[in-house]
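The residues making up each chain are set out below.
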Amino acid sequence: MDVRHPFSRRRFFGGVAAAVGALGLKPASVFGQARTQQFGGSADQYDAFVKIASNENNWGPPEQVMQAMNGAWKYANRYGYPDGNVVREIADFHGVKPENVLLTAGSGEVLQVVGTTYLQGDRQKVLGADPSYGSVYQHATNIKAEAIKIPLLKDYTQNIPAMIEAANRNARDIGFFYLCNPNNPTGVVVPAKEIKQVVDGIPKDMPILIDEAYHHFVDDPAYAESVHYVKEGRPVIVARTFSKIAALAAMRVGYAIAPADIIARMRPYSMNSVNVLAKHGAVASLKDTAGQAEVKKKITDLRNQTTRELEAWGYPVIPSQTNFFMVSLHDKTVQPTIEAFREKGVLVGRPFPPMLNHLRVSVGRPEEMDKFLASFKEIFPKKAPVSSMARG
């Protein structure tokens, strides 16, 4: 069994020839991503693993979403098929116009398209926190741009004052400002008041990409979504995905919400590759608010239960507002821990430098988290109970 073959989780092929030609790059360098793991064994071997490595929704799509996708198979042989009016449905859901929406193959394509759009000419730097979702920075490297990374604070929050200061000091070089909120891999939110500080405190023409892939899981009252800045005409791009709460990771569907002029500038670099099943599944997911609230409760309850048990075993956890969390391994490192869990049939998260003593764990189903905890206690000795890593 081999689970070590890397692949680009959100790599896309074909299209955007104009962008590739203009940049003088090979397609692979444009679409390179942060690496994850491609399972190399059989389907039966894959199914036997507990999969809590990639922040997926292990509950899967609800029945009504499956029915919507299955009903779209009849269009599999068509080009100009009815697509469920997916762009209009997304626009109506958020109270914006269709010209404010760009449909993409997951939110990962949004991150790439923003990079390709704005890291050109004299402004070839993206500014963001570190660690954060690394594909933004990897894509910048792949298109021969650069990243200004501001380390997290000791409480694992993003250092917003330092980021604002760096944005103003390097304004001539920065193509866009990146915020992952909640942050991946820590699960920590940027409060609404700090988002406002960014919007109001950096140059007015500097685009701000806010990655809200995990916003559905947030309970923190200090948090707020950022679509209202788009409605105000601010240069804010909000990235959303159906991969997490909607459990459509393999279907590859997401979108950007931004002012119409920004969407128009981004559109030539998008691939228009979302398939018919994904579109109909996305429309059904937008309407499944009750089902998403139910699965959110299941996931957050399991997350809280699991983290309490880890802390009782002596391993502190960073307070998370997502469907994953990071647990401190004390003096142990992540890579050998990954191998130890794999031997026990559990797939856990990859390393996130420089946090190499913290393991990211996605929240699965109850029986999966039971197996994770049992395996954790076999791998790591019991220590004195600890409290959560308090923030603020």
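Structure first, text after, so check above.
Summarise the pattern of salt bridges; cite the residues concerned and give the values.
Throughout the structure, instances matching the rule amount to 15 salt bridges. Residue aspartate 219 is joined to lysine 296 by a salt bridge in which the shortest nitrogen-to-oxygen separation is 2.8 Å. In this pair, aspartate 219 sits in the loop between strand 8 (208-211) and helix 10 (227-231) while lysine 296 sits in helix 13 (residues 289-312), placing the two residues 77 residues apart along the sequence. Judged by relative accessible area, which is 47%, aspartate 219 ranks as partly exposed. Among the ionic pairs, glutamate 294 bridges to lysine 298, the shortest N-O distance being 3.7 Å. Separated by four residues within a single helix, glutamate 294 and lysine 298 lie in helix 13, roughly one turn from each other. If you follow the salt bridges from partner to partner, you end up with Lys196, Asp200, Glu232 and Arg234 in one network.

Would you mind going over the packing of aromatic side chains in detail, with residue names and values included?
Evaluated as defined, the whole model comprises 10 aromatic pairs. Between the aromatic rings of tyrosine 137 and tyrosine 178, the centroid separation amounts to 6.3 Å while the plane-to-plane angle is 90°, which identifies the pairing as edge-to-face. A residue pair is termed long-range when its members are at least 10 positions apart, and tyrosine 137 in helix 7 (residues 135-142) and tyrosine 178 in strand 7 (residues 174-180) qualify at 41 residues. Assigned by exposure class, tyrosine 137 and tyrosine 178 land together as buried. Relative to phenylalanine 372, the ring of phenylalanine 341 has its centre 5.4 Å away and its plane inclined at 15°; by these criteria the two rings are stacked.

Help me get a handle on the environment of asparagine 57, residues and values and all.
As for its placement among the helices and strands, asparagine 57 is situated in the loop between strand 3 (50-52) and helix 4 (63-71). Spatially, the C-alpha atom of asparagine 57 lies 8.7 Å from that of serine 362, the residues being 305 residues apart in sequence. The residues contacting asparagine 57, other than those within four sequence positions of it, are Lys244, Ile245, Ala247, Val295 and Ile299. Among the polar contacts listed, one links the side chain of asparagine 57 to the backbone oxygen of isoleucine 245, at a separation of 3.0 Å.

For the packing of helix 4 against helix 12 (residues 276-286), give the residues involved together with the corresponding values.
Where helix 4 meets helix 12, the axes come as close as 8 Å, and the angle between the chain directions of the two elements is 150°. Considering the relative orientation of helix 4 and helix 12, their crossing is right-handed. Contacts from Gln64, Val65, Ala68 and Met69 of helix 4 reach helix 12 at Leu277, His280, Gly281, Ala284 and Ser285. Classifying every residue of the contact of helix 4 with helix 12 gives five nonpolar, four polar and no charged.

Can you lay out the sheet that holds strand 10 (residues 254-257) for me, pointing to particular residues and giving the numbers?
In a beta sheet, neighbouring strands are held together by backbone hydrogen bonds and run either parallel or antiparallel to one another. Read across the sheet, seven strands follow the order 4-10-9-8-7-5-6 without closing on themselves; strand pairing throughout is mixed. Edge positions in the sheet fall to strand 4 (101-104) and strand 6 (146-151), since each of these pairs with one other strand and no more. Across this sheet, the average inter-strand angle for adjacent strands is 20°, counted without regard to direction. In terms of strand pairing, strand 8 meets strand 9 (residues 236-241) through four bridges, oriented parallel. Directly across from aspartate 211, in strand 9, lies its bridge partner alanine 239. The strands touched by helix 8 (residues 160-169) within the sheet are strand 5 (125-130), strand 6 and strand 7, with strand 7 carrying the most contacts at an inclination of about 170°.

So, how was this worked out
Residues numbered from 1 in each chain as written. Predicted model: local features only at pLDDT ≥ 70, side-chain atom pairs only at ≥ 80, totals over all residues. Heavy atoms only, no water. Salt bridge = Lys/Arg side-chain N within 4 Å of Asp/Glu carboxyl O. Helix = DSSP H or I, 4+ residues; strand = E, 2+ residues; numbered from the N terminus. Buried < 20%, exposed > 50% of the residue type's maximum accessible area, 1.4 Å probe, protein only. Phe/Tyr/Trp six-rings, centres within 6.5 Å; stacked < 30°, edge-to-face > 60°. Contact = heavy atoms within 4.5 Å. Polar contact = N/O pair within 3.5 Å; in protein donor to acceptor, adjacent residues only side chain to side chain. Axes fitted to C-alpha atoms, helices over the stretch in contact; angles between N-to-C directions. Left-handed = near helix turned anticlockwise from the far one by under 90°. Nonpolar A, V, L, I, M, F, W, Y, C, P; charged D, E, K, R; others polar. Pairing = 2+ DSSP bridges.

The analysis is restricted to geometry; functional conclusions fall outside its scope.
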